[in-house]
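Reading the structure
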Amino acid sequence: MTRFFLKFLVFFVLVLMPICSFAKDKIMIIGDSLSAGYGVEQAQAWVNLLQNKYDSQQKPIDLINTAISGQTTDNALFKVDAWLKAHNPSHVLIELGGNDGIRGFPVKLLRQHLIELVTKSQQAGAHVALMEIHIPPNLGPRYTTMFTESYKKVSDETGAYLMPYFMIPIAIKPELMQKDNLHPNEQAQPLISDFMEKEIDTWLMKTKSNNANALN
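Our subject in this report is the structure included herewith. For clarity, every value in this text was computed on a predicted model and none was experimentally measured.

1. Some remarks on the pattern of salt bridges
Taken as a whole, this structure holds 7 salt bridges when the rule is applied. For Asp 194, the salt bridge identified is with Lys 53, shortest N-O distance 2.8 Å. Of this pair, Asp 194 sits in helix 9 (residues 189–215) while Lys 53 is found in helix 3 (residues 46–56), placing the two residues 141 residues apart along the sequence. Looking at Asp 194, the relative accessible area reads 34%, which means it is partly exposed. When the shortest N-O distance is used, the salt bridge between Lys 53 and Glu 197 registers 3.1 Å. Of this pair, Lys 53 sits in helix 3 while Glu 197 sits in helix 9, and the two are 144 residues apart along the sequence. Assessed through its relative accessible area of 13%, Glu 197 is described here as buried. Salt bridges sharing common partners tie together Lys 53, Asp 194 and Glu 197.

In structure tokens:
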């Protein structure tokens with residue numbers, strides 16, 4: 001009986017190992033026009049370019065893009081529960097706040113919305129990354145400084161991983177921007193994809209390290 005049990009256990013482990021090895025990271029992106037690919041062909045948008053790269057490299061990563069042009073943090077809060085239930089992501093990347101800031105939404109309200117988005121995602125079992133959004137200085141240095149600093153505060157309060165903004169190296173180069181000077185053009189998309197590949201790799205390694213430490 002003991003020998004039979006041991007054989008069964010070995011068989012079970014051998015069957016389970018390949019399944020675990022190829023378990024996919026499902027990254028749900030909650031974003032706005034910058035991740036929705038506004039103004040460019042969808043096939044050329046950075047999310048699609050990065051997914052194609054993962055697929056060609058046979059990396060077990062699926063990007064689930066729920067980004068919507070014009071989306072604000074309060075809009076996303078109305079939808080996030082349904083998205084989490086439908087997609088059951090292992091990871092959630094929040095790229096939001098730019099539209100809130102451009103419209104001058106109160107920073108306190110932005111921070112409250114971000115905390116709710118992070119918390120809901122964490123309660124659904126997902127690791128969360130919060131992208132630190134920067135906005136044009138039109139509303140003055142006090143507002144823009146408070147706006148950007150709110151992301152660090154939310155990260156500190158919730159434990160979400162703070163990810164750098166992919167537009168910082170893009171927005172300073174007019175040749176990479178659309179005529180509205182707000183959205184990256186087609187030439188910028190591969191650069192954003194490369195940037196995000198490195199940042200997502202760093203984030204995933206950190207979450208796996210944290211998981212391993214939690215088991216010890």
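2. Quick look at helix 4 (residues 73–87)
With 15 residues, helix 4 extends 19 Å between its outermost C-alpha atoms, agreeing within 8% with the 21 Å of an ideal straight helix rising 1.5 Å per residue. Maximum bend of helix 4: about 45 degrees, positioned at Lys 79. Considered for burial, the residues of helix 4 that qualify are Thr 73, Ala 76, Leu 77, Val 80, Trp 83 and Leu 84. The inward-facing, buried residues of helix 4 abut strand 1 (25–31), strand 3 (91–95), helix 5 (98–102) and helix 6 (107–123). Directly beyond the C-terminal end of helix 4, a positive phi value near 45 degrees is found at Asn 88.

3. Looking at the packing of helix 4 against helix 6
At a minimum axis separation of 10 Å, helix 4 and helix 6 run at an interaxial angle of 5 degrees. Relative to helix 6, the element helix 4 lies roughly parallel. Of the residues in helix 6, those in contact with Thr 73, Asp 74, Ala 76, Leu 77, Val 80, Asp 81 and Leu 84 of helix 4 are Leu 110, His 113, Leu 114, Glu 116, Leu 117, Lys 120 and Ser 121. Each residue belonging to the contact of helix 4 with helix 6 can be placed in one class, and the counts come to 7 nonpolar, 3 polar and 4 charged.

4. With respect to the pairing of strand 1
Every regular strand shows the same layout, with side chains that alternate between the two sheet faces. With respect to burial, strand 1 is a largely interior element, 6 of its 7 residues being buried. In this structure, strand 1 lies alongside strand 2 (residues 61–65), joined through 5 bridges in parallel fashion. Pairing of Ile 29 across the sheet is with Asn 65, part of strand 2.

5. Section: the nonpolar core
Counting 53 residues, the largest nonpolar core has Ile 94, Met 163 and Met 196 as the members making the most contacts within it. Counting residues per element, this core draws most heavily on helix 6, at 6 residues. Here Met 196 is in contact with Trp 46, Leu 50, Leu 93, Met 131, Met 163 and Phe 166, once residues within four sequence places are set aside.

6. Quick word on unusual backbone geometry
Residue Gln 58 is not a glycine yet carries a positive backbone phi of 55 degrees. Within the fold, Gln 58 resides in the loop between helix 3 and strand 2. In this structure, Asn 181 is a non-glycine residue whose phi angle is positive, near 60 degrees. On the basis of relative accessible area, Asn 181 is assigned to the exposed category, the value being 52%.

Conventions and cut-offs
- Residues numbered from 1 in each chain as written.
- Predicted model: local features only at pLDDT ≥ 70, side-chain atom pairs only at ≥ 80, totals over all residues.
- Heavy atoms only, no water.
- Salt bridge = Lys/Arg side-chain N within 4 Å of Asp/Glu carboxyl O.
- Helix = DSSP H or I, 4+ residues; strand = E, 2+ residues; numbered from the N terminus.
- Buried < 20%, exposed > 50% of the residue type's maximum accessible area, 1.4 Å probe, protein only.
- Expected span 1.5 Å × (residues − 1).
- Bend = angle between axes of the 7 residues up to and from the residue.
- Contact = heavy atoms within 4.5 Å.
- Axes fitted to C-alpha atoms, helices over the stretch in contact; angles between N-to-C directions.
- Parallel < 35°, antiparallel > 145°, perpendicular 65-115°, else oblique.
- Nonpolar A, V, L, I, M, F, W, Y, C, P; charged D, E, K, R; others polar.
- Pairing = 2+ DSSP bridges.
- Core = buried A, V, L, I, M, F, W, Y, C linked by side-chain atoms within 4.5 Å.

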